[in-house]
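A closer look at the structure
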Amino acid sequence: MSIGERLKGFLFSPSETFDNSKDDTIGDAFKYFVVILMIYALIISVLIAVAFSLFASMLGMPGVPMMALGAAMGPLFAVGFFILMLVSGIIGVFIGGLWLHIWVYLFGGREGVEETLKAVMYGATPGCLFGWIPLVGILALIWALIVEIIGVRQLHELSTGKAVLAVIIAIAIPLIIYAVIIAAFIATMPGPGLGPGPGHMIRP
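First, a word on what this report is: a plain description of the structure on this page. (Residues numbered from 1 in each chain as written. Predicted model: local features only at pLDDT ≥ 70, side-chain atom pairs only at ≥ 80, totals over all residues. Heavy atoms only, no water.)

**Some thoughts on the packing of helix 7 (residues 136-156) against helix 8 (residues 160-188)**
Contact geometry of helix 7 with helix 8 gives a least axis separation of 8 Å together with a crossing angle of 125°. As far as their axial angle goes, helix 8 and helix 7 are oblique. At the point where helix 7 passes helix 8, the crossing takes the right-handed sense. Facing L145, E148, I149, V152 and R153 of helix 7, the residues of helix 8 in contact are T160, A163, V164, V167, I168 and I171. Split by residue class, the contact of helix 7 with helix 8 holds eight nonpolar, one polar and two charged. (Axes fitted to C-alpha atoms, helices over the stretch in contact; angles between N-to-C directions. Helix = DSSP H or I, 4+ residues; strand = E, 2+ residues; numbered from the N terminus. Parallel < 35°, antiparallel > 145°, perpendicular 65-115°, else oblique. Left-handed = near helix turned anticlockwise from the far one by under 90°. Contact = heavy atoms within 4.5 Å. Nonpolar A, V, L, I, M, F, W, Y, C, P; charged D, E, K, R; others polar.)

The structure is reproduced here in structure tokens:
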């Protein structure tokens, strides 16, 4: 299938498209993922460059060429952010795929880690194409999650329930750990009126 056919398929008929992608290599899936990731990174980078230029022009003062600075620095920020998103996206998809595969395996998925990585890479389609749009991006991320679940189900030949549990647990555990760390950090912070400060009285 061409990239255009895959885009359309994973957006509108993911179950059938995953069935047709069972013979794809991990290299095929990776090339596709890099293309859609580049689309996402390019759009976000352009938006950041425009926002930076506008912000710089708003801060412009007589005698200070802020607009010129914004016009010069905006593209630099865009290029840097584009590279950062590409690198972090590629690293993230492999780390996320390996972590997900642990749970896929525990729920009976025996088709190999490559199939899990393919599910994650192909499942990113809605998020990469529409995740940058306000409000619509939330729906795109939800649809990406559903597409990923369908991919795990089809490529590993699991039941829908097992595929859902594998993906949800893989997402939930890091979120819970993150929430616990944040809660612990907040709990260690001094509350109002605690600790030395203005007006604090030290009594014998």
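**With respect to the nonpolar core**
Ranked by internal contacts, the top residues of the largest apolar core, which has 35 residues, are F18, F33, I36, L100 and V152. Looking at this core, the elements that each hand over two or more residues are helix 1 (3-12), helix 3 (26-58), helix 4 (66-106), helix 5 (113-123), helix 6 (125-130), helix 7 and helix 8. What L100 contacts, discounting residues up to four positions off in sequence, is T116, V120, E148, V152, A166, V167 and A170. (Core = buried A, V, L, I, M, F, W, Y, C linked by side-chain atoms within 4.5 Å. Buried < 20%, exposed > 50% of the residue type's maximum accessible area, 1.4 Å probe, protein only.)

**Description of the packing of aromatic side chains**
By the definition in use, this model includes seven aromatic pairs. Centre to centre, the rings of F30 and F94 are 5.8 Å apart; their planes meet at 45°, and the pair counts as tilted. Here F30 is found in helix 3, whereas its partner F94 is found in helix 4, with 64 residues between them in sequence. F94 sits in the partly exposed class, given a relative accessible area of 30%. Taking the centre distance of 5.7 Å and the plane angle of 80° together, the rings of W99 and W103 count as edge-to-face. Taken as a pair, W99 and W103 lie in helix 4 at a separation of four residues, close to a single helical turn. An aromatic cluster is present here, built from F10, F18, Y32 and Y122 joined pairwise through their rings. Across the ring face of Y105, the terminal group of R110 is positioned such that the distance to the ring centre comes to 3.7 Å. (Phe/Tyr/Trp six-rings, centres within 6.5 Å; stacked < 30°, edge-to-face > 60°. Lys NZ or Arg CZ within 6 Å of the ring centre and 35° of its normal.)

**Some details on the pattern of salt bridges**
As enumerated under the stated definition, the model contains four salt bridges in all. When the shortest N-O distance is used, the salt bridge between K22 and D19 registers 4.0 Å. A relative accessible area of 33% means that K22 is categorised as partly exposed. A salt bridge links K22 to E157, with the shortest nitrogen-to-oxygen separation between them at 3.7 Å. Residue K22 is located in the loop between helix 2 (14-20) and helix 3, and its partner E157 is located in the loop between helix 7 and helix 8; the two are separated by 135 residues in the primary sequence. A cluster of three or more residues bridged by salt bridges with shared partners is formed by D19, K22 and E157. (Salt bridge = Lys/Arg side-chain N within 4 Å of Asp/Glu carboxyl O.)

Take it as geometry only, folks, not as evidence of what the structure does.
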